[in-house]
Structure formats: C-alpha cells, structure tokens
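Understanding the architecture of this molecule
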Amino acid sequence: MNRHEAARGALAGLVSALAGLAAGHLVGAIVAPAASPVLAVGSAVIDRTPTALKQAAIERLGTADKPVLLGTVLVATLLLAAVGGVLARRSLPVGAAVVVLLVAAAGWAALARPAARPIDVLPALATGVAALAALRWLTPQDEEPVDGPGRRRLLVRSGVIVGAALVAGTAGQWLVARARDVTNIALPRALRPLPPLPRGLEATYRGITPFQTDRDDFYRVDINLTTPVVDHESWTLRIDGMVDRPYELTFDELLALPLIECDITLTCVSNEVGGPYVGAGRWLGVRVSDLLERAGVRSGADQILSTAVDGFTISTPLAAAQDGRDMIVAVALNGEPLPRDHGFPARLVTPGLYGYVGATKWLTRLTLTTYEEREAYWTKRDWAIDGPIKISSRIDTPAALKEVQAGRIVVGGVAWAQGRGVAAVEVSVDDGDWQRAEFGPDGGVDYWRQWYLLWDAEPGRHTLTVRAQASDGEYQTEERATPFPDGSSGLQQIVVRVT
Ligand SMILES: Nc1nc2c(c(=O)[nH]1)N[C@H]1C(S)=C(S)[C@@H](COP(=O)(O)O)O[C@H]1N2
Ligand SMILES: [Mo]
C-alpha cells in the first residue's frame, strides 16, 4: 500500500467515525443524552479513574478537566478509526473489526453507567451501523480501481457524509437544548415567605462577591459530563428502607406539602482555599423531617441514603434531618425552579454539610438505613463519612498578585460557618496584628457573610491573610477538611503589589 492509499484509508476511517459519532449523538439525544458514545466512554473513564489521579487532574486542570478528558477520548477514537480505515483498504472485515471494537467500547460504557437502562445501548448501535455503512461506502471494492476515479469519489462521498453528520449532530444538540428548556414551571409559594434579602456589599464595594449568587453563576460540581434531563411529570420521590410506611410522591404531590424558604450557602469539600466552589442562594423546599415523619422511621436507622437519576448516591446522617436544621428537598433556587445543572426537579440541601454528604441533585429516593449496612458514591472511594463544613473565608478583592495603587484600598470577600454563623472576620497584613473587618448584612447562620476592611496600603509587596471566627468562638485554622483526598479549607493568604 502506498502513502496516498494509506492517507485515503485514514480519511475514510475518520469520516466513518464522524458519521458514527453523529448518529450516536442524535439517537442519544432522543433516548439518553448521557449514553451518547463519547460522553458514555468519558463517564466510564471518570468513574474508573483512581481517586488520587482524579484529584490531581482537578488540581491541574480545574473545571477544564472535563473538556480535556472528552477531547482525549475523541482524539483517541479518531486515531483508532483512522487506523481502521487504513486496514479496511487491505481487508474490509479487518477494518470493520476495529470499528466494531470501538463501538463495543461505547456500548459497554453506556451500559456500565450506574443509572443505565437497556435502551441506552441504542446510541452505540446507531454509531456502529452508521460507521460501518460509511466505511463500506468509502472503501473501494475489489473490482474498483484504487487510483484515478476512486480519489474523486472518495472526496465527494466523504463530503456527503460529513454534511449529513453535521446535520445529525446539530439536530441532536438542538433536541438536548430544547429538553433543557422546559424548567419554567409555576411553583407554589412558601408557607411563610422570607422578606427579601437586604442589599449586599457588592452594591458599595466593587469586587466583593454578590450577597446572593446568581442562578447562572452558581458553581457546579458533579460526576456527569452532561447533566441529566429529568421530566418532572414522570419524576417520583420514593421514601423507603427502615420505615414503617414506605411511599412514593409525584412532583405535584411534593409541591402540595408545606414548603419552607431558607437562605443557605452550599460548598464543595474540593474547593481550594480561596476557590470558587461555594454559592449562596434562597432555596424553597419540603423539610426532610416532614417526609420522614409520614414514613415512620424505625429505630436503629442512622443514615439517609439518597439516590439520584445519575446513579450517584449520598449518605447523610439521619441526625441532620432531626436536629432542627433546615434540611430540605429543594425545588427552587432564588425564586425559580432549580436549574437543570443544579438538580431539577428536586435536590437535597443540607445546611452545615459539604455537598458530597448532603446535597443530592436529581434526587429520586431517600432510603433509611445504617452506616454499617450501606456506603455511598464517594465513601466507596475512600472519602470521609463525615463532612461538616469548616469555618472558611475568602478574599475576593484585591485579586491575588494584583498591582494596586498606594492609598486606601478595600479588602473584602465572604466568610462562612454554616450552622453556627460567622461572628468575626480578621485580616492580617504582613503577619501583623489581626484587624477586625466590617460586615455586610446578616443572612442567618447557614448563610455566608460579606466583609470588608479599609486598608491604608503603602508601596511594596504585601501579604494579606484572612481568618473567620464562628459564633461559638472557634477560629478558622490552617487545618484542612478531612474528606480524602485532601479536602480544602485552611487560611487564605494572598500577595499584592502596591505601587
Ligand atoms: N446527583 C448528584 N448529586 C450531587 C453530585 C453528583 O455528582 N451527582 N455532586 C455533589 C457535590 S460533590 C457537590 S459539591 C454538590 C454541588 O452542587 P451544585 O453543582 O448545585 O453546586 O452537589 C452534590 N450532589
Ligand atoms: Mo463536592
């Protein structure tokens, strides 16, 4: 086989792979977006990546870890497909075998997902049929000459296939986007609506995080490459396990229960010191204690195991539902139904606990059980069972390493100590005395507090350190949160250059 022929084979392989991926994406958009070939393989890789490696990837790539992973999967797929195309020139069955292998991987990945249904194999099948048909069409048969007219035909046919793939891929994207759009449903009001939040410090001092996080700016952390699209009309919530009367609620039945409103700051244990994985919102929902009361919890249960549409599970101490805090099944964020990315139609919100132990999105089931009996997604991967949120504070302004003009400078940010409330925030300049910052408005013990300090900055390089104190007197320390691996918290320190 000469170089030209190999190149044509590679092109045929690439184009066939595109055809397959587009077909799989379109069928996936109809039956199960997460089972679309690239996403399914990507998820399978994520799930099987050792926790330490996952953490390293998040540290190095941040939220880019997912696009980077998807890109890698895609490039590897295309490379293999190109090889398949070259082999097909020698022998169509051999080339086809490579394609079938790729498709089998996609099918296996789709079915290996925790939330998989048998129908999820359809996108992989569509991928296989389209890719094989394309490969056959682009590979010259025995009686055809490989040179001469073969080249033009290959280009024309490739063009046709790429065009069709673009149409199918776009149609798939459009279908998924449309399905994501239907969350604008009317919700009842809370029994006792809260007064509007006071104006935050962001109105006065630029650079301080808004008192209430915009729905579109809320951080997102979950195991999914694409977030589940859940139909609220067929959605149900099941309460079962160690209860006297297990039952199931439809979305309308859930909304008919007494709804409470609460201001709660949510945060991820993987948030780096000074990091963005924290958000504050007004949640509307049903108390978990109300739901449990109706079921009648049996003695001996100590864990609420929640299950989600994406197959994710979370263990939350039963005590969190019974000690008076506002642990809720939330249906709204900031006055509107939950965004798809944040758990539509319903999620858990548990004040005082990191997201991985109390904030199940796309919730479908609450099972009463014991810690002895059952483990959840992250605890199976060696994360700590307990995840109480540590006292934390963040400097939003000035930005680290920024150059600022000498004179009066606003140092400001947010601090949180869910369950206890923040009593004080202090800033130290160049390891000098702790200076007490001023506070913004109070949003309650489960809400973060904005703070600022007016600092007379002199030229030079300065280090700013911040620490918060909870209302029980405890200070934020260097100590990190315990969930393996290396949950972040500790003191934030930034360097600013004053000129
Ligand atoms: N179903 C589901 N719920 C989930 C997760 C997930 O991967 N799947 N991740 C959890 C984690 S680790 C965090 S920090 C919060 C983040 O919620 P947010 O994306 O709405 O900010 O969701 C939690 N709930
Ligand atoms: Mo998290």
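Residues numbered from 1 in each chain as written. Chains lettered and ligands numbered in written order. Predicted model: local features only at pLDDT ≥ 70, side-chain atom pairs only at ≥ 80, totals over all residues. Heavy atoms only, no water.

The chain is annotated in an unreviewed UniProt entry as DMSO/TMAO reductase YedYZ molybdopterin-dependent catalytic subunit of Aeromicrobium tamlense.

1. A few points about the side chain of Ser 158
Along the chain, the position of Ser 158 falls in helix H7 (residues 149-180). The class of Ser 158 is buried, set by a relative accessible area of 5%. In this structure, Ser 158 is in contact with Leu 11, Val 15 and Leu 138, ignoring residues within four places of it in sequence. (Helix = DSSP H or I, 4+ residues; strand = E, 2+ residues; numbered from the N terminus. Buried < 20%, exposed > 50% of the residue type's maximum accessible area, 1.4 Å probe, protein only. Contact = heavy atoms within 4.5 Å.)

2. With respect to the domain arrangement of the chain
For the chain, the domain assignment lists domain 1 (3-179), domain 2 (201-381) and domain 3 (392-498). The straight-line distance from the C-alpha centre of domain 2 to that of domain 3 is 28 Å. Buried surface at the junction of domain 2 and domain 3, both sides included, amounts to about 2,500 Å², of which 61% is carbon and sulfur. Among the residues domain 2 hides against domain 3, the three largest losses belong to Leu 201, Phe 211 and Val 273. Together they make up 26% of the total. Viewed at the interface, domain 3 and domain 2 are joined by 0 salt bridges. Summed over the shared surface of domain 2 and domain 3, the number is 11 residue pairs in polar contact (both at pLDDT 80 or more). Listing elements by their share of the side of domain 2 that touches domain 3, those giving two or more residues are strand E3 (260-267) and strand E4 (278-287). Partitioning the side of domain 2 that touches domain 3 into residue classes produces 15 nonpolar, 13 polar and 5 charged. (Domains from an automatic or database assignment. Buried area = accessible area lost by both parts, 1.4 Å probe. Salt bridge = Lys/Arg side-chain N within 4 Å of Asp/Glu carboxyl O. Polar contact = N/O pair within 3.5 Å; in protein donor to acceptor, adjacent residues only side chain to side chain. Nonpolar A, V, L, I, M, F, W, Y, C, P; charged D, E, K, R; others polar.)

3. Some remarks on the pairing of strand E2 (residues 247-250)
Of the two faces of E2, only the one carrying Tyr 247 and Leu 249 is buried; Glu 248 and Thr 250 on the other face are not. Direction of pairing for strand E1 (residues 236-241) relative to E2: antiparallel, over a ladder of 4 bridges. Each residue of the ladder has a partner; that of Ile 239, found in E2, is Tyr 247. A loop of 5 residues connects E1 with E2, the two strands running antiparallel in sequence. (Pairing = 2+ DSSP bridges.)

4. Remarks on the packing of helix H4 (residues 65-90) against helix H5 (residues 92-112)
At a closest axis distance of 6 Å, the pairing of H4 and H5 adopts a crossing angle of 160 degrees. Classified by the angle between their axes, H4 and H5 sit roughly antiparallel to one another. Judged by the sense of rotation from one axis to the other, the crossing of H4 with H5 is left-handed. Every residue of H5 that contacts H4 at Thr 77, Leu 80, Ala 81, Gly 84, Leu 87, Ala 88 and Arg 90 is listed here: Leu 92, Val 94, Gly 95, Val 98 and Leu 102. (Axes fitted to C-alpha atoms, helices over the stretch in contact; angles between N-to-C directions. Parallel < 35°, antiparallel > 145°, perpendicular 65-115°, else oblique. Left-handed = near helix turned anticlockwise from the far one by under 90°.)

5. Describing the site of ligand 1
Around ligand 1 sit 18 residues in total, of which Tyr 219, Asp 310, His 342, Arg 347 and Lys 361 are the nearest. Between ligand 1 and Arg 347 there is a distance of 2.7 Å, counted from an oxygen atom to a side-chain nitrogen or oxygen. When isolated, ligand 1 has an accessible area of 530 Å², and the protein chains bury 99% of it. When its residues are assigned to classes, the shell around ligand 1 shows 10 nonpolar, 3 polar and 5 charged. (Near = heavy atom within 4 Å. Areas by Shrake-Rupley, 256 points an atom, 1.4 Å probe, with all protein chains shown as cover.)

6. Considerations on the UniProt feature "transmembrane region" (unreviewed entry) in the chain
Feature annotation in UniProt assigns "transmembrane region" (unreviewed entry) to the following positions: residues 68-87, 94-115, 121-138 and 154-176. As a span, residues 68-87 carries 100% helix and 0% strand, and end to end its C-alpha atoms are 29 Å apart. Taken end to end, residues 94-115 comprises 86% helix and 0% strand; its first and last C-alpha atoms sit 34 Å apart. (UniProt positions renumbered as here; feature names shortened; annotations may be inferred.)

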